[in-house]
Amino acid sequence: MHRFTTLRHFSSKACFSTSIPRLHKPNARKHLEGSGNVPQRAGLANDQQVYLDWNARKTSVYSHFWLRDHCHCEQCYHPVTRQRLVDTFSIPRDIQPVAVDSTEQGLSVSWPDGHQSVYAWDWLHTHSYSPVLRSNEPLQDKTPKLWRGTDFKLSPVDHEAVMHTEEGVKQWLDQLETYGISFVENVPTTVEATEKLARRLCFLRETHYSQGIWSFTADLAHADTAYTSLALGAHTDNTYFTEPAGLQMFHKLEFKGEGGDSLFVDGFEIAKQLKALSTEAYTTLSNTRIPTHSAGDEKVLITPTPRAFPILNHNPNGDLFQIRYNNDDRSTLDHLSSSQLDAFYDALFMWSKLLKSPENELWDPLTPGRVVTFDNWRVLHGRSSFTGHRRICGAYFPWDDYKSRARTSRLTSKDKDRLL
């Protein structure tokens, strides 16, 4: 392995010196939190970088400017708000440390203006960029577990546990992050109780349908097929928003009639099946942008920005993170060539067939008192047609507020400091 050596000479103009890198004291490791990664040596690699030799026989280098720019002392980083206070643009681009020391607390760096920075070892390992040492992104979401409706079993969360304990909320959020769906039972059958439950998660999202919690029957109060007694195929909501709601909640408060069961399908599982069936179809639904709209109400004409998104959306690493699919809200397809249209319709038919496969469908009558919450970026929902009286209430939740609540339910304050 190539080993960096400590620089002992600098230009006379800079007048820099450096302490000699040393091995850690034997008791250093037990004082550390988190991953426990502790380097064997630390020192100056050259006139631009500091090096750390890790126990795993890997060497990280960090630029002097990067280190000064990421100082987390109270002068440079607010200890309460966790916001940067350092003025990046006042740091000389060719800044070099006066001294670099390996301590039990972390890497100690002295700067020419007398400023002292200490970087925790775990923080440096987590954020090593040359090379990247972490096995996943610091704030990566939990790994989803895919499911098919016919063999999917999930224990419900009790309403009292959610309302009165953080452990209940944590269980609720854990199911949502893992499976994309969760059921809470024994909820009082009122709009008020449902709203209190919803707000245990996070803020509610206001839309043109409601200022938070909503309640409706099949009365076409809004010009949307959800406000009818018609059957609805599996779909995600808000495809016409630039950012669709992250979560959705349903609570059937009253029902006197027949039908009206709720349908749920794991969209990530369907995408997996489609990819195995036809990589060409999967690629088509990942690349073909579909325009959508909401325009039923008189003073509503909502379209997303940009105008169209694919059904399957991926992050820069190529991981699927969002399904946007509602065939009923699709606008006119006038932007595709004849060959692109044929490829899209072929892929869409494959997608639809998988969605409607009985083995992939989870049906639930959602009896009053049983509340479902689901990931609107992953789980598609629908319902069977019904007769009689059916009143349902629910809410939309912003994606970022939901994910924030989920992260803080499983991360400590020290985790925050290490990961940010």
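Computed from a prediction, not measured in an experiment: that's the story for all the values here. Every residue gets a number counted from 1 within its own chain, in the order that chain's sequence is written. Local features in a predicted model are, by the rule used here, given only for residues with pLDDT of at least 70; side-chain atom pairs are given and counted only at 80 or more, and totals for whole chains, interfaces and linings are based on all residues. Note that the side-chain values use all heavy atoms of the structure and ignore hydrogens as well as water.

(A) The arrangement of the packing of helix H7 (residues 279–287) against helix H8 (residues 338–355) in detail. Axis definition: a line fit to C-alpha positions, over the contact stretch in the case of helices; interaxial angles, taken between N-to-C directions, run 0 to 180 degrees. Strands here mean DSSP runs of E at least two residues long; helices mean DSSP runs of H or I at least four residues long; both are numbered from the N terminus. The interhelical angle for the contact between H7 and H8, taken along N-to-C directions, is 110°, at an axis separation of 9 Å. Relative to H8, the element H7 is oriented roughly perpendicular. Counting all contacts with H7, which are made through Ala281, Thr284 and Leu285, the residues of H8 involved are Ala343, Phe344, Ala347, Leu348, Met350 and Trp351. Its residues assigned to classes, the contact of H7 with H8 comprises eight nonpolar, one polar and no charged. Between 65 and 115 degrees an angle is taken as roughly perpendicular, under 35 as roughly parallel, over 145 as roughly antiparallel, and anywhere else as oblique. Residue contacts are counted whenever heavy atoms from the two residues lie within 4.5 Å of one another. The nonpolar class holds Ala, Val, Leu, Ile, Met, Phe, Trp, Tyr, Cys and Pro. Asp, Glu, Lys and Arg form the charged class, and all remaining residues, Gly among them, are polar.

(B) A look at the pairing of strand S3 (residues 59–63). The buried fraction of S3 is high, at four of five residues. Should DSSP find at least two bridges between two strands, the strands are regarded as paired. Pairing analysis gives five bridges linking strand S2 (residues 49–54) to S3, with the strands arranged antiparallel. By the bridge assignment for S3, Gln49 is matched with Ser63. Partly exposed residues are those whose accessible area sits between 20% and 50% of the maximum for their type, while under 20% is buried and over 50% is exposed, using a 1.4 Å probe and protein chains only.

(C) Region of the structure containing the sheet that holds strand S12 (residues 262–266). Strand order in the open sheet formed by four strands is S10-S19-S12-S17, with antiparallel pairing between adjacent strands. Sheet topology places strand S10 (232–235) and strand S17 (362–364) at the edges, where each strand pairs with a single neighbour. In this sheet, neighbouring strand axes are inclined to one another by 20° on average, regardless of whether the strands run parallel or antiparallel. When S10 meets strand S19 (residues 379–383), the two strands line up antiparallel, connected through two bridges. Bridging across to S19, Leu232 finds its partner in Arg383.

(D) Region of the structure containing the pattern of salt bridges. Any Lys or Arg side-chain nitrogen found within 4 Å of a carboxyl oxygen on Asp or Glu counts as a salt bridge. All told, the structure shown has 15 salt bridges when counted by the stated rule. Measuring nitrogen to oxygen at the nearest pair gives 2.7 Å for the salt bridge that ties Asp69 to Arg84. Residue Asp69 is found in helix H1 (residues 64–69), and its partner Arg84 is found in the loop between H1 and strand S4 (99–102); the two are separated by 15 residues along the sequence. Of the residues examined, Asp69 reaches a relative accessible area of 12% and is grouped as buried. We classify Arg84 as partly exposed; its relative accessible area is 40%.

(E) The arrangement of H8 in detail. Multiplying one less than the number of residues by 1.5 Å gives the expected span of a helix. Its 18 residues place the ends of H8 26 Å apart at the C-alpha level, agreeing with the 26 Å of an ideal helix rising 1.5 Å per residue. Taken as a whole, H8 has its buried residues at Phe344, Ala347, Leu348, Trp351, Ser352, Leu354 and Leu355. For H8, the arc enclosing every buried residue in end-on projection is 155°, short of the 170-degree limit, so these residues lie on one face. Those residues of H8 that are exposed and angled more than 90 degrees off the buried face are Ser338, Ser339, Asp342, Phe349 and Lys353. The arc in question is the one traced by the directions running from the helix axis out to the C-beta atoms.

(F) Looking closely at the packing of helix H6 (residues 267–277) against H7. For the pair H6 and H7, the least separation of the axes is 5 Å and the interaxial angle reads 130°. What the angle tells us is that H6 and H7 run oblique. Mapping the contact onto sequence places Ala271, Leu274, Lys275 and Leu277 in H6 and Thr279, Ala281, Tyr282 and Leu285 in H7. By residue class, the composition of the contact of H6 with H7 is six nonpolar, one polar and one charged.

(G) Representation of the packing of aromatic side chains in the model. To pair, rings of Phe, Tyr and Trp, with the six-membered ring standing in for Trp, must have centres within 6.5 Å; the planes then decide the type, stacked if under 30 degrees apart, edge-to-face if over 60, and tilted in the middle. What the rule picks out here adds up to 19 aromatic pairs. Judged by centre distance (5.6 Å) and plane angle (55°), the rings of Phe152 and Tyr179 are tilted. Note that Phe152 is positioned in the loop between helix H2 (121–126) and strand S7 (157–158) and Tyr179 in helix H4 (residues 166–179), a separation of 27 residues in sequence. Of the residues examined, Phe152 reaches a relative accessible area of 10% and is grouped as buried.

(H) Structural view of the sheet that holds S4. Taking strand neighbours across the sheet as the criterion, the three strands line up as S4-S5-S6 in an open arrangement whose pairing is antiparallel. Each edge of the sheet is formed by a strand with only one pairing partner; in this case those strands are S4 and strand S6 (116–119). Across the sheet, the mean angle separating the axes of adjacent strands is 15° when strand polarity is ignored. The pairing of strand S5 (residues 107–110) with S6 spans four bridges and is classified as antiparallel. Following the sheet pairing, Leu107 is matched in S6 by Tyr119.

(I) Focus on the environment of Lys252. Structurally, Lys252 can be placed in strand S11 (residues 247–259). Along the primary structure Lys252 and Pro365 are separated by 113 residues, whereas in three dimensions their C-alpha atoms are 9.0 Å apart. Setting aside anything within four residues of it in sequence, one finds Lys252 in contact with Gly260, Pro365, Leu366, Thr367, Pro368, Gly369, Arg390, Arg391 and Ile392.

(J) Highlighting the environment of Gly260. The topology assignment puts Gly260 in the loop between S11 and S12. For Gly260, a relative accessible area of 0% corresponds to the buried category. Residues Gly260 and Thr387, spaced 127 residues apart in sequence, show a C-alpha to C-alpha distance of 7.8 Å. Here Gly260 is in contact with Lys252, Ser384, Ser385, Phe386 and Arg390, once residues within four sequence places are set aside.

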